[in-house]
Protein chains: 2
Amino acid sequence: MTETVDLLLVNATQVVTCASSGPKRGAALADVGIIERGAVAVDEGRIAAVGPTAELQSRFRGRVHLDVTGKLLCPGFVDCHTHLVFAGDRVDEFERKLAGASYQELLAAGGGILSTMRVTRAASLDELVAVGLRRLHAMARLGTTTVEIKSGYGLDTAGELKILAAIEQLAAAAPQDIVPTFLGAHAVPPEFAGDPDGYIELVCKEMLPAVAAWRNESCFGALGVPVFNDVFCEQGVFNPMQSRRVLEAGLHVGLRPKIHADEFVALGGTRLAVELGAVSADHLDATPQEEMAALALSETIAVLLPGVNFHLGSHHFAQARRWVEAGAAIALATDFNPGSAPILSLPLVMAIACRYQRLTPAEALNAVTINAAHALGLGDRLGSLEVGKQADLLVVDAPDYRHLAYWLGENLVEAVIKAGRRLRA
Amino acid sequence: MTETVDLLLVNATQVVTCASSGPKRGAALADVGIIERGAVAVDEGRIAAVGPTAELQSRFRGRVHLDVTGKLLCPGFVDCHTHLVFAGDRVDEFERKLAGASYQELLAAGGGILSTMRVTRAASLDELVAVGLRRLHAMARLGTTTVEIKSGYGLDTAGELKILAAIEQLAAAAPQDIVPTFLGAHAVPPEFAGDPDGYIELVCKEMLPAVAAWRNESCFGALGVPVFNDVFCEQGVFNPMQSRRVLEAGLHVGLRPKIHADEFVALGGTRLAVELGAVSADHLDATPQEEMAALALSETIAVLLPGVNFHLGSHHFAQARRWVEAGAAIALATDFNPGSAPILSLPLVMAIACRYQRLTPAEALNAVTINAAHALGLGDRLGSLEVGKQADLLVVDAPDYRHLAYWLGENLVEAVIKAGRRLRA
């Protein structure tokens, strides 16, 4: 007797599950969970079964039956660190950077984040939703089915709430699951030039309560989607004491921490992440060995963002192999933003990570699926092909998962299935 | 009175012509020839006019009229160095390389080019055409309208002629103009292990006459498309004396030289290219300053292939700025091949070149259009938007040509017009 399900995909050359009871570390990172000549049964938006085609064909009949001979099935990609809602671009700055200006020089000259703040403050909510939606559709074509989006280009209460409102509208309109993060402490706005403590006071006393109130009224509570609170802990931006204040104030209103740590200078941000139970610490280009070890013993995910180093034409990358050897659960993300990472493609991020951080293709794939889901607190719900999880999966035009990181600049994603439904390009 | 033309494209935010009376060098490389609010008139597959929209609208009426407000028009990309016809992939080797094996180690162990030779020899002509066509369609979606394809995975007379036959079939079936290059001297085949001179003898005495005979019967003569003769001049492959022999034998049967020079070790390949009047010298990662100067004074194009360095995870790239400063006419190409450059995307090559070779976006765009056309001897026919040239052009979803190199991993090419006809995705 066979059970009828909404969708049955059969004859995949490989089903790559990325299955794991928790974030993958060490040797587990090298295992993507391959089922050859595999099949996936999907019902009511969830995964009903994963296994060999012969077995699933005997158990299930699909209302829709899809033969994917010669192709690969894998989990939808999870982009766990983006700044996707912004107006304008920074193509002028890109040219100046090519001529040799440093990130901190551009920042000090009132460029960088603040130039995007100006155009984003001036943009309407509708404009922000429109450009955001276009970017999310491009990401969907490249296989990304869940996207974290940070605020942080408003840098005043109204501006930050406008971006959060745009993120909420995108959550309703976009093909992906959207996870919001408040990043009021992204930069010191011009109103507080020279007074970062004054701005931190505003973030803690006015913005964070307003964000908590917004969260309670928003769709995200009902969806069971967490809202995170992030800070850019970096020399010339916010020091560890200011960062701690922001993250503790967020915890006080029920927002779990994330942190931008050790991108250029190691200030102790990773230690702070561990101490405060942050869901992730991100960038980690300059983290000292002892802080790597501390994070590896914690539940905090190490999110590496090599697209940034690539975009900046840098020869220095986060030491991904040391992070793996330390036993950390690593994830990869785009850091999509107009200044340091105009990159929407997680396969390209995987490709960079394999070549310049010496991750294996298996480690890179786990890092954009199951571990990236854990970096959003959603590892029990998505990020792998396991029974009961949301049916977010990709049909990839390749016989073998390693091709995802091997071919460069080509989109191998042939079809995207989100919560059981096939997306239209 | 208005003239009726097949196609009139109007209101481009920029028309980028890349116009030039010859290959671009020095300051000319920094100029892409921008017409704001521009228009292009196309008739009988050729460019009838390029200019401001107001002017062209008063002169022409288009049977098809396309308003491209907010978009960019630029020449179709020319990929002037690929090894596109091969069977199989080298994803296993990719993993071994990530673990640290060098290119020359893999070559010495019978891997590398020879592993692709084995599967390509075993493949049928139909199989080679089928995989080649798939790759060419992917390239077309990414904006490439002209593709050079080298033989070199046969390494015996029948095998090389089979690949040339595949290239000829692709020329009839593919959306692009195809330019064939004979690369019999790509590696020493197992039949001549330890006897490179014996293999060179075969290339010169048997293969080159056979290739010349094939060329005379092929479509390429009628199309006015040159057939080139190339050699891999490199330590452990063919020395300059052997390389010279191959290139002179080619000249003797009317095949103009190209050369793989200075990829790993400087052996004098660039000087040889200049001496023999090669249409291009390619790779050039290790060229000494005095040979740069010699090439800059010649008609030979310097073809840089940074996708290779990127794929190999290398921190060393050809010194593009020195080439520009020396006065060389530089082009960029993918070097598409399964071992050292599994990359089909010229925009990604431009992106790498800007970040790791410090080319400006303008230099990079000229390097994949007008200069790449000259690297194929076709600079008078295509590669720029000028009256009388073949109407190969792209509608790009960006307001400014610099976006092509700025955004990473996203395909901004919205429509491809080849010889006046719009290609279907």
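Residues numbered from 1 in each chain as written. Chains lettered and ligands numbered in written order. Predicted model: local features only at pLDDT ≥ 70, side-chain atom pairs only at ≥ 80, totals over all residues. Heavy atoms only, no water.

## A few points about the relation of the copies chain B and chain A
For the pair chain B and chain A, the superposition axis carries a translation of 0.0 Å, the fit reaches an RMSD of 0.0 Å, and the rotation angle comes to 180°. With respect to symmetry, the two chain copies, as superposed, fit the operation of a two-fold axis. It is Gly-409 of chain B whose C-alpha, among those of chain B, lies nearest the rotation axis, at 3.0 Å. Taken together, the interface assignments show that 98% of the residues at the interface of chain B recur at the interface of chain A, consistent with an identical surface on both copies. (Least-squares fit on C-alpha atoms with pLDDT ≥ 70 in both. Contact = heavy atoms within 4.5 Å.)

## Overview of the interface of chain B and chain A
The partner chain A presents 45 residues to the 46 residues of chain B that form the contact. Summed over both sides, the interface between chain B and chain A buries roughly 4000 Å², with carbon and sulfur atoms accounting for 62% of that surface. The largest per-residue losses of area from chain B upon contact with chain A belong to Phe-310, Tyr-356 and Tyr-406 of chain B, which jointly make up 19% of the total buried on that side. Taken together, the connections running from chain B to chain A amount to 4 salt bridges. Applying the counting criterion to the chain B and chain A interface returns 21 residue pairs in polar contact (both at pLDDT 80 or more). Elements with a contribution of two residues or more to the side of chain B that touches chain A: helix 2 (91-98), helix 5 (125-141), helix 12 (306-311), helix 14 (346-357) and helix 17 (403-406) of chain B. It is helix 2 of chain B that contributes the most residues to the side of chain B that touches chain A, 6 residues altogether. Tallied by class, the residues present in the side of chain B that touches chain A amount to 25 nonpolar, 9 polar and 12 charged. (Buried area = accessible area lost by both parts, 1.4 Å probe. Salt bridge = Lys/Arg side-chain N within 4 Å of Asp/Glu carboxyl O. Polar contact = N/O pair within 3.5 Å; in protein donor to acceptor, adjacent residues only side chain to side chain. Helix = DSSP H or I, 4+ residues; strand = E, 2+ residues; numbered from the N terminus. Nonpolar A, V, L, I, M, F, W, Y, C, P; charged D, E, K, R; others polar.)

## Concerning helix 8 (residues 196-217) of chain A
With 22 residues, helix 8 of chain A ought to run about 32 Å at 1.5 Å a step, and its terminal C-alpha atoms sit 30 Å apart, in line with that. Here the buried face of helix 8 of chain A lies against helix 7 (157-173), strand 8 (177-185), helix 9 (219-223), strand 9 (228-231) and helix 10 (240-252) of chain A. (Expected span 1.5 Å × (residues − 1).)

## Regarding the layout of surface pockets
All names here are of chain A. In this structure, the second largest pocket occupies an estimated 320 Å³ of space. Where the lining of the second largest pocket is concerned, the elements lending two or more residues are helix 3 (91-98), helix 4 (103-108) and helix 13 (306-311). Looking at the lining of the second largest pocket residue by residue, the classes come out as 8 nonpolar, 7 polar and 4 charged. (1 Å grid on protein atoms, 1.4 Å probe; cavity = no way out; pocket = protein on both sides within 12 Å on 5 of 7 lines; lining within 4 Å. Points joined across faces, edges and corners; volume = space filled by probe spheres on them.)

## Some remarks on the pairing of strand 12 (residues 301-304) of chain B
The two faces of a sheet get side chains in turn, since along a regular strand they alternate between them. Residue and element names in this part refer to chain B. In strand 12, alternate side chains face the same way, and those of Ile-301 and Val-303 on one face and Ala-302 and Leu-304 on the other are all buried. As for the winding sense of the linkage, the β-α-β connection from strand 11 (residues 280-283) through helix 11 (residues 289-296) to strand 12 is right-handed. Pairing of strand 12 with strand 13 (residues 330-332) involves 3 bridges; the strand directions are parallel. Across the sheet, Ala-302 pairs through a bridge with Ile-330, a residue of strand 13. (Buried < 20%, exposed > 50% of the residue type's maximum accessible area, 1.4 Å probe, protein only. Right-handed = clockwise from strand over helix to strand, strands pointing away. Pairing = 2+ DSSP bridges.)

## What to know about the pairing of strand 2 (residues 34-43) of chain B
Residue and element names in this part refer to chain B. Bridge count for strand 1 (residues 3-16) against strand 2 is 7 bridges, and the pairing is antiparallel. Residue pairing in the sheet places Val-16 in a bridge with Ile-34 of strand 2. Judged from the 6 bridges that link them, strand 2 and strand 3 (residues 46-52) form a sheet pairing that is antiparallel. Pairing of Val-42 across the sheet is with Ile-47, part of strand 3. Counted between consecutive antiparallel strands, the loop separating strand 2 from strand 3 contains 2 residues, among which Glu-44 sits at a positive phi close to 50°.

## Observations regarding the domain arrangement of chain A
Residue and element names in this part refer to chain A. Assigned domains of chain A: these are domain 1 (3-75 + 384-422) and domain 2 (77-374). Computed from C-alpha atoms alone, the centre-to-centre distance between domain 1 and domain 2 is 29 Å. Facing 30 residues of domain 1, the contacting portion of domain 2 comprises 33 residues. The junction of domain 1 with domain 2 conceals about 2400 Å² of combined surface from both sides, 63% of it contributed by carbon and sulfur atoms. Our count for the domain 1 to domain 2 interface comes out at 1 salt bridge. In this structure, Asp-177 engages Lys-418 in a salt bridge whose closest nitrogen and oxygen atoms are separated by 2.9 Å. Viewed at the interface, domain 2 and domain 1 are joined by 12 residue pairs in polar contact (both at pLDDT 80 or more). Partitioning the side of domain 1 that touches domain 2 into residue classes produces 17 nonpolar, 6 polar and 7 charged. (Domains from an automatic or database assignment.)

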